[in-house]
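# Summary of structural features
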Amino acid sequence: MNYFELVRLGLPEIILVLTALAVLAVGLIRNRLAGVCSGIAAAGILFAAAAVLRLPPHAALAHGMLVVSPLNSLFQVICLALAFFTVILARGDRVLPNDGEFLALILLATIGLLLLISSEELLMIFIGLELTGLSLYILTGFDKPDPLSAEAGLKYFLFGSVASAFTLFGISLIYGLTGTTELGAIGPRLAAHALEPLLLAGVVMTLIGFLFKVAGAPFHLWAPDTYQAAPIPAAAFIASGSKVASFVVLGKILLIALRDVPGEAGWHALVAGWSPVLAVVAALSIVIGNLVALTQKNVRRLLAYSAVAHAGYTLVGLVAHGTDGFAATLFYTTIYALTLIGAFGVVGFVRRETGGVDLADFAGLSARAPLLAGCMAVFMLSLAGLPPLAGFFGKFYLFSAAFRAPGAAHGLLWLVALALGGSLVSLYYYLIVLKAVFLDEATTSGCALRPHLLPRLTITLLAALVLLFGVFPSSLLDRILAALAS
Amino acid sequence: MMAWTIYLTFAGAALVLLLPRFLARWVALGTAVAGFGLSATALFAPGADFARLTTIVRVPWVPALGMNYHLAADGISLTMTFVTGLTAVCAVLFSWKIEERPNEFFFWFLLVVGGSYGVFLSADLFLFFVFYELVIAPKYFLIAIWGSTNKEYGAMKLTLYSFLGGVLVFIGILAAYTTAETLDLAQLSHFAFPAPLQIWAFPVLFLGFAILAGIWPLHTWAPTGHVAAPTAGSMLLAGIVMKLGAYGALRVALNLFPLGFAFWSKWIAVFAVIGIVWAAAVALRQNDLKFVIGYSSVSHMGFVLLGLAAANALGVSGAVLQMFSHGVIGALLFGLAGVIYYRTHTRNLDDLSSLRLNRRMPFIAFAFVMASAASLGIPGFSGFAAEITILIGVWKTYPIAVWITGLGMVLVAAFTLRALQKTFFGNERQHIPRPIVGLQPLPNEPIIFAEKLGASLLIVATLVVGLDPKLLLDRIEPAVRAMRFLQP
């Protein structure tokens, strides 16, 4: 293998590694100047994004371990953008005692995401999964004085390890059946196999790790605690970046490697494969996520259960196995990630002001910080799926792709109807949050803080993006479709 | 030109958030008047082609999915935009004295108006659905923040019901889109959908629209929501938003799935008639003035659905005329109820009957008599013209329905006259008034010019159309006759 080629193609990851080390070093030396660390981290991410944009359109290295393609580059840029927003929001959060380490961990997690996206080989994917996961576990438990944070970190770690174990075992089964771990090579070799139990076991086990990462029921039990107790920038990054990368990888595995065992998930036309598995997980996620979110009083836990529900909606696109469904999944998870970072930004502001994030703490936000309240309205209504916001178009595209799924005509109607019913239920709890923001009088005597300029700009920018992608979805959609076509 | 109604309204909404408080209502009024002017010009333009959907603007929007930003209008659309403009202007006038957070109030208000213009002018199914769902969130905030009785419950119930309707419409739209692979309404209305698809997709799609139109038994959101809403909110909701559902049923459901419509039309007529009689009977038992008017809205919308179910040119034209007529009358009734409530701080009929309002608020009493006459269906007012057209059309298809509706109209007369008599012409000596908290002495709060203007505009509108219904029917009927679901 030509190491010069490796450096050239892996330049974004290398830049991020150097940045992480630099941030770590600076954080140790100058403990109090948190701004310097954030600045270095943000600059490093921007350089890495520039490096991604300068990569050649198509290249491959070492049996799919590092693949450069328009799809991979696009989503590497998106993940870097999400990391960038997270770093800026971390700046606005209360000053963490070990700022350098926090930011270094975020950068390491981002490297894991980039590895996940750019590899089309199962072992490399696993490495990316583990790198991301380990960084995120530590980030979750980073708030040392808070026992809830430690509990959340431990839960995330235990769940994650077990899920990764399942995935590794599934990968080994698939390797055993096909003799290769390269996604492109697995596909044709699996076509020769009948649908034997070993194959099915391998497929399902492989999926478990990814379904855990996207918080699909019944692998979602880590999500409420993590979203509630992790430091807010960490929770924002878990909710956005790791989900986007996981869906990209999941889609690639399903549509390239496992493309010959899809099965059907039609109502009276079930055929064994990964599609019915995803359909069941999606249905469970939608039902559990929405119903339990109804009872939440803590906004962060509410966002966690809504994340489970949205994982369900996004999986519907993958159930409709096809390019259209995959494009819809990618579009929806991208705008969902933007929305969640923005929502967590507002949550962070409220937490700084009042010390808590219950519904009662949001009361009167529209009087204290009208711009942030407006942005929160944009985020909540986009999650509910109301036009002219991006969530509406995303859901329309997802469900129309599901309706059009090849196979039994309108076979996925049951899943679409369930998802729409879930949306109806979700409208209730998103409106409850907005009711607190716009209607209720402030009960707690929180001081009206002026939000820092940079986080305020970021949240407003994210709200503007959500509105933009709702009114002009072509700007994102055409890029995704072009990337998928090649 | 007509596209500017949408743009101006949304621009006004954005502007109203940024300007100081005292300018908010003027910007809202200016925007509403501009929209009204444009729609009136388009409706009464000589030589316009009212039969076909004439394209106003068409640009590709999301080419990958075949979505175009396509606006078009025919006689029906222009009639509905006209009533939207008129109701919007009068609603702003009736809200002239709003004090609490006027910027946000007019922001959400103008979003509803702009979304309504969009629905009536859309000729692309996705664009139609965007505008249709756009009005859901503003409705919640309008009611929950500025409303009165039970506002949080009423707002949530109304919003969730509207979204439920939207969910059903979504499924129907997906069925049509994925089968015909086009979103253009003109193309869809000529596409031959397979009969099995129409049989299941039509009731889903129609029910989704009909929920917003207040079909029985999914109508209970309407009285609760209208009562909870502030005056301008109720005027918009009863005047325009309920018509969005009826328009959607006409333009989308009936036109796209004619076979499904022919299969299910009897049931539509049944539920419509039940709605007319049921709502009228319930209205007779109400003690809150706004609840009476809310249930009368449901009853009158039952006429619209009945006219649609008749499936002939007369019935459907009458239904569209009733959409216009009830838009005006409902807005007028809710506006007047708001004026009364603002001054007396009560809507209880028994309390009002001890106040001798016919002496203290003569103009409002006069206006309310006019509105009641129009609501009753007295000839000379638009309500009569619409209802008689509907009934003649329905007679050809379901004669029994006409008999039952006739009995229902007796109930309508009963509850309207009861409300009128108790509100304005009650006898002081007959009833010992309960002490009303916050009762303002009436002569100190005279009616303002804005409210008089709003009421007068609406009265003139219903009188003019009532005395010369051909003014609107000449524009509505050609468009109706061009639809393919009519059974001669």
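Let's shift gears to the interface of chain A and chain B. How big an interface is tends to be stated in terms of accessible area lost as the parts join. Across the boundary between the two partners, chain A contributes 38 residues, which contact 37 residues of chain B. Roughly 3,200 Å² of surface becomes buried between chain A and chain B when both sides are summed, with 82% attributable to carbon and sulfur atoms. Across the contact surface, chain A and chain B share two salt bridges. Taking the shortest distance from any N to any O, the salt bridge between R404(A) and E181(B) comes out at 2.9 Å. The tally of links between chain A and chain B comes to six residue pairs in polar contact (both at pLDDT 80 or more). Those elements that provide at least two residues to the side of chain A that touches chain B are α17 (370–384), α18 (390–403), α19 (413–438) and α21 (474–485) of chain A. Classifying every residue of the side of chain A that touches chain B by side-chain character gives 28 nonpolar, six polar and four charged.

Glancing now at the side chain of S423(A). For S423(A), the location among the structural elements is in helix α19. Other than its neighbours up to four places away in sequence, S423(A) contacts N290(A), Y313(A), A384(A), K395(A) and F163(B).

Let us look at the packing of helix α4 (residues 102–121) of chain B against helix α11 (residues 231–256) of chain B. Residue and element names in this part refer to chain B. Between α4 and α11, the least distance of the axes is 10 Å, while the angle of their chain directions is 20 degrees. Here α4 lies roughly parallel to α11, going by the angle between them. As for the relative orientation of α4 and α11, their crossing is left-handed in sense. Counted together, F105, F109, V112, V113, S116, V119 and F120 of α4 and A232, L236, I240, V241, K243, L244 and Y247 of α11 form the full contact between these two elements. Among the residues forming the contact of α4 with α11, the class breakdown is 12 nonpolar, one polar and one charged.

Turning next to the layout of surface pockets. Looking at the largest pocket, its volume works out to about 1,500 Å³. V378(A), P388(A), L467(A), F107(B) and L111(B) are, among the 47 residues lining the largest pocket, the residues nearest its centre. Mapped onto the lining of the largest pocket, the elements with two or more residues apiece are α17, α18 and α20 (453–471) of chain A together with α1 (3–18), β1 (54–62), α4, α5 (125–134) and α6 (136–146) of chain B. Among the elements that line the lining of the largest pocket, the one with the most residues is α17(A), at eight residues. Along the lines of polarity and charge, the residues of the lining of the largest pocket split into 40 nonpolar, five polar and two charged. What the second largest pocket holds in volume is close to 610 Å³. Taken together, 26 residues line the second largest pocket, and the ones lying closest to its centre are I98(B), W146(B), P230(B), T231(B) and Y342(B). Looking at the lining of the second largest pocket residue by residue, the classes come out as 13 nonpolar, six polar and seven charged.

Let us look at the side chain of T206(A). All names here are of chain A. Mapping T206 onto the fold places it in helix α9 (residues 197–213). Assessed through its relative accessible area of 3%, T206 is described here as buried. For T206, the side chain forms a polar contact with the main-chain oxygen of G202, separated by 2.6 Å. Ignoring anything within four residues of it in the chain, the contact list for T206 reads F166, T167, G170, I171 and I174.

On to unusual backbone geometry, then. Look at the link from A217(A) to P218(A): it is a cis peptide, with omega at 0 degrees. For the bond running from P387(A) to P388(A), omega is -5 degrees, close enough to zero to count as cis. With respect to the helices and strands, the residue P388(A) is situated in the loop between α17 and α18. Backbone geometry at A215(A) places phi at a positive 65 degrees, although glycine is not the residue there. By the secondary structure assignment, A215(A) is in the loop between α9 and α10 (223–229). The buried category is assigned to A215(A), whose relative accessible area is 0%. Even without being a glycine, E181(B) presents a positive backbone phi close to 55 degrees. Relative accessible area serves as the criterion here: at 46%, E181(B) is assigned to the partly exposed category.

Residues and elements named next belong to chain A. Per the stated rule, a full pass over the model turns up 17 salt bridges over all chains. Between D225 and R301 there is a salt bridge whose closest N-O contact spans 3.4 Å. Of this pair, D225 sits in helix α10 while R301 sits in helix α13 (residues 299–319), and the two are 76 residues apart along the sequence.

Analysis parameters
The numbers attached to residues start from 1 for each chain and follow its sequence in the written order. Throughout, the order in which chains and ligands are written sets their labels, letters from A for the former and numbers from 1 for the latter. Residues qualify for local features only when their pLDDT is at least 70, as the model is predicted, and side-chain atom pairs are given and counted only at 80 or more; totals for whole chains, interfaces and linings, by contrast, use all residues. For side-chain calculations, the full set of non-hydrogen atoms in the structure is used, while hydrogens and water are omitted. Contact definition: two residues touch when any of their heavy atoms are within 4.5 Å. Accessible area that two parts lose when put together, with a 1.4 Å probe and added across both, is what the buried area reports. We count a salt bridge whenever a side-chain nitrogen from Lys or Arg sits within 4 Å of a carboxyl oxygen from Asp or Glu. Residues adjacent in sequence count toward polar contacts only when both atoms are side-chain atoms; beyond that, a polar contact is any pair of N or O atoms within 3.5 Å, and within protein one must be able to donate a hydrogen and the other to accept it. Each helix is a run of DSSP H or I of at least 4 residues and each strand a run of E of at least 2, with the numbering of both proceeding from the N terminus. Residue polarity follows a fixed list, in which Ala, Val, Leu, Ile, Met, Phe, Trp, Tyr, Cys and Pro are nonpolar, Asp, Glu, Lys and Arg are charged, and the others, Gly among them, are polar. For helices, the fitted axis covers only the stretch in contact; all axes are lines through C-alpha atoms, and the angles between them, taken along N-to-C directions, range from 0 to 180 degrees. Comment on the angle field: the value is read as roughly parallel under 35 degrees, roughly antiparallel over 145, roughly perpendicular from 65 to 115, and oblique elsewhere. What makes a crossing left-handed is the near helix being turned counterclockwise from the far one by less than a right angle; a clockwise turn instead makes it right-handed. The rule is simple: put a 1 Å grid over the protein atoms alone, call a set of points where a 1.4 Å probe fits but cannot get out a cavity, call an open set with protein on both sides within 12 Å along at least five of seven lines a pocket, and count a residue as lining if it has an atom within 4 Å of a point. Grid points are joined across faces, edges and corners, and a volume is the space filled by probe spheres set on the points. Each residue gets one of three labels from its accessible area relative to the maximum for its type: buried under 20%, exposed over 50%, partly exposed in between, using a 1.4 Å probe on protein chains only.

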